[in-house]
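A closer look at the structure
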Amino acid sequence: MYRVSAKQLVLLVFSSALLAAIIVACAHRVIDGGTASIEPAVIADPTVATDEQNNIEIYRAISPGVVNITSKGYRRNMFGVYPTEGSGSGAIIDEQGHILTNFHVVQGARELEVQVESDKYPARLIGTDPDNDLAIIKINAPRGNLTLVKLGSSQGLQVGQKVLAIGNPFGLQRTLTTGVISGLERPIQSPRTGRTIEGAIQTDASINPGNSGGPLLNARGEMIGINTQIISPNEGSVGIGFAVPVDTAKKIIPDLIAKGYVAYPWLGISSVPVNARMASEYQLPVQEGILVGNVYRGSGAAAAGLRGTVMRQTFMGTEVEQIGDIIVAIDGQPIKNSSDLQRVLKNKQAGQTVQVQLLRQDRQMKIDVRLTERPPETR
């Protein structure tokens, strides 16, 4: 067996310590003018890096298809007529240059100009749907200048799901904001007609004036909504924005392009909701439903014999002479107000027949009414 003396052992330990010190010194040595330093590695959070890269890739791919829309018109007041100008956003949806935006972005415009990246084109109005605050405009631009924004689906969305908004807030070109879906199935009102837009998507992604009409995107870069409204006391983003579901837009885009309007089914009446006060004043048999006001000539309601409310003029003003029919259900679905009526007819088509359950004075009746297409003057 080989034996090590005490002197040799001390020398061996000293040599080993010296070698270790040299290795550590070399590991931390920085050589000026060339070779890289040897430093401890910093490990980044891969989740953060992946999310940031996703944002970057979506913006690069989709933002060229998000346009800035400038509308020019005229407004009259007591001092005369003066020019007005507004702006908003839109998304290119096909190779023909059709652009999906909000109705309120183009409402009343005499001229429309669209900026696609650094190029500007005149645009013309193709179709409008004030009920859902949507519109289609069109530009004539080379196909190579058009980046399309893919229409995804608003089905199966989840609260907490990541979303991205691209638009032109306050005229700042192609701004990206990110957030999550904060709520689903929010009923909001069309700013033009006051009718209910069903199923709006709520998000905390910053949406400001100028974002209107721009796309709300999912993590795959697909449009799931059209940014349309914010709740704000000061007209700035406070993290409560709403988007019209893209599935609503997909249903009406063919009509907007082909006809210029949406062929909504129409019962052919005007109405007011019945409430407890009205029921008491006119001794109505129910406290919920819609009271038929006018029955329009040539409509399905007129053909079916629905009765409207008759008014008469007196020296004190206008008063009710005869109460009309009170509609309480259609196809078995309760009707309490005009939003219920709109919701029931939403999935119907002109030409279809619905069963209207109503009260005529004290009699309950069921009458079949053939729906017609809503005429332009009532849109």
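All of the points below concern the structure found in this document. Keep in mind that this is a model prediction, so the values were computed, not measured. (Residues numbered from 1 in each chain as written. Predicted model: local features only at pLDDT ≥ 70, side-chain atom pairs only at ≥ 80, totals over all residues. Heavy atoms only, no water.)

1. Considerations on the overall build of the chain
- On a plain count of helices and strands, the chain comes out with seven helices and 22 strands.
- Looking at the 379 residues of the chain, the share that counts as buried comes to 42%.
- Look at the contacts in the chain between residues 6 or more apart in sequence, and 58% of them connect residues 24 or more apart.
- As displayed, the chain has an accessible area near 21400 Å², and 52% of this comes from carbon and sulfur atoms. (Helix = DSSP H or I, 4+ residues; strand = E, 2+ residues; numbered from the N terminus. Buried < 20%, exposed > 50% of the residue type's maximum accessible area, 1.4 Å probe, protein only. Contact = heavy atoms within 4.5 Å. Areas by Shrake-Rupley, 256 points an atom, 1.4 Å probe, with all protein chains shown as cover.)

2. Some remarks on the side chain of Ser-154
- Within the secondary structure, Ser-154 sits in the loop between β6 (134-139) and β7 (162-167).
- Polar side-chain contacts of Ser-154 include one of 3.2 Å to the backbone nitrogen of Asp-247.
- Aside from chain neighbours lying at most four places away, what touches Ser-154 is Ile-201, Ile-224, Pro-245, Val-246 and Asp-247. (Polar contact = N/O pair within 3.5 Å; in protein donor to acceptor, adjacent residues only side chain to side chain.)

3. Regarding the sheet that holds strand β11 (residues 223-230)
- Pairing within the closed barrel is antiparallel, and its six strands lie in the order β7-β8-β9-β12-β11-β10. Sheet twist, expressed as the average angle between the axes of neighbouring strands with direction ignored, equals 50°.
- In this sheet, β11 lies alongside strand β10 (residues 215-217) in antiparallel orientation, the contact comprising three bridges. Within the sheet, the bridge partner assigned to Leu-217 lies in β11 and is Met-223.
- Each of β11 and β12 (241-245) is contacted by helix α4 (residues 246-258), which is oriented at about 40° to β12, the strand it contacts most. (Pairing = 2+ DSSP bridges. Axes fitted to C-alpha atoms, helices over the stretch in contact; angles between N-to-C directions.)

4. Concerning the pattern of salt bridges
- Taken as a whole and judged by the stated rule, the model has 13 salt bridges.
- Asp-51 is the partner of Lys-162 in a salt bridge, and the nearest nitrogen-oxygen pair spans 2.9 Å. Of this pair, Lys-162 sits in strand β7 while Asp-51 sits in helix α2 (residues 46-62); the two residues are 111 residues apart in sequence, bridging distant segments of the chain.
- The exposure class of Lys-162 is buried, given its relative accessible area of 19%.
- Accessibility expressed as a relative area gives 38% for Asp-51, which makes it partly exposed.
- Three or more residues are tied together by salt bridges with common partners; here these are Asp-131, Arg-195 and Arg-374. (Salt bridge = Lys/Arg side-chain N within 4 Å of Asp/Glu carboxyl O.)

5. Quick notes on the pairing of strand β16 (residues 310-314)
- Pairing between β16 and strand β17 (residues 317-322): five bridges, direction antiparallel. Each residue of the ladder has a partner; that of Thr-314, found in β17, is Gly-317.
- Between β16 and β17, which pair antiparallel and follow one another directly, the connecting turn spans two residues.

6. A short note on the nonpolar core
- The biggest cluster of nonpolar side chains holds 27 residues, and the ones touching the most others in it are Ile-62, Leu-100, Ile-136, Leu-217 and Met-223.
- Sorting the residues of this core by element identifies α2, β6, β7, β9 (196-203), β11, β12 and α4 as the ones contributing at least two each.
- Sort the elements by how many residues they give to this core and α4 lands first, with five residues.
- When neighbours within four sequence positions are excluded, Leu-100 is seen to be in contact with Gly-90, Ala-91, Ile-93, Ala-135, Ile-136, Gly-213, Met-223, Ile-226, Ala-249 and Ile-253.
- Ranked by size, the runner-up nonpolar core spans 19 residues in total, among them Ile-335, Val-344, Met-365 and Ile-367. (Core = buried A, V, L, I, M, F, W, Y, C linked by side-chain atoms within 4.5 Å.)

7. Description of the side chain of Lys-162
- Looking at Lys-162, its side chain comes within polar contact range of the side chain of Asp-51, at 2.9 Å.
- At 2.7 Å, the side chain of Lys-162 forms a polar contact with the side chain of Asn-54.
- Beyond its immediate sequence surroundings of up to four residues, Lys-162 is in contact with Asp-51, Asn-54, Asn-55, Gly-179, Val-180, Leu-217, Asn-218 and Ala-219.

8. Re the sheet that holds strand β1 (residues 66-77)
- A barrel is described by the order of its strands in space; here six strands give the closed sequence β1-β2-β3-β6-β5-β4, paired in antiparallel fashion. Averaged over all pairs of adjacent strands, the angle between their axes in this sheet comes to 40°, without regard to strand direction.
- Strand direction decides the pairing type here: β1 and strand β4 (residues 111-116), joined by five bridges, are antiparallel. Bridging across to β4, Thr-70 finds its partner in Glu-113.
- Packing of α4 onto the sheet brings it into contact with β3 (98-101), β5 (119-129) and β6, and relative to β5 it is tilted by some 100°.

Shape is all these values report; function is a separate question.
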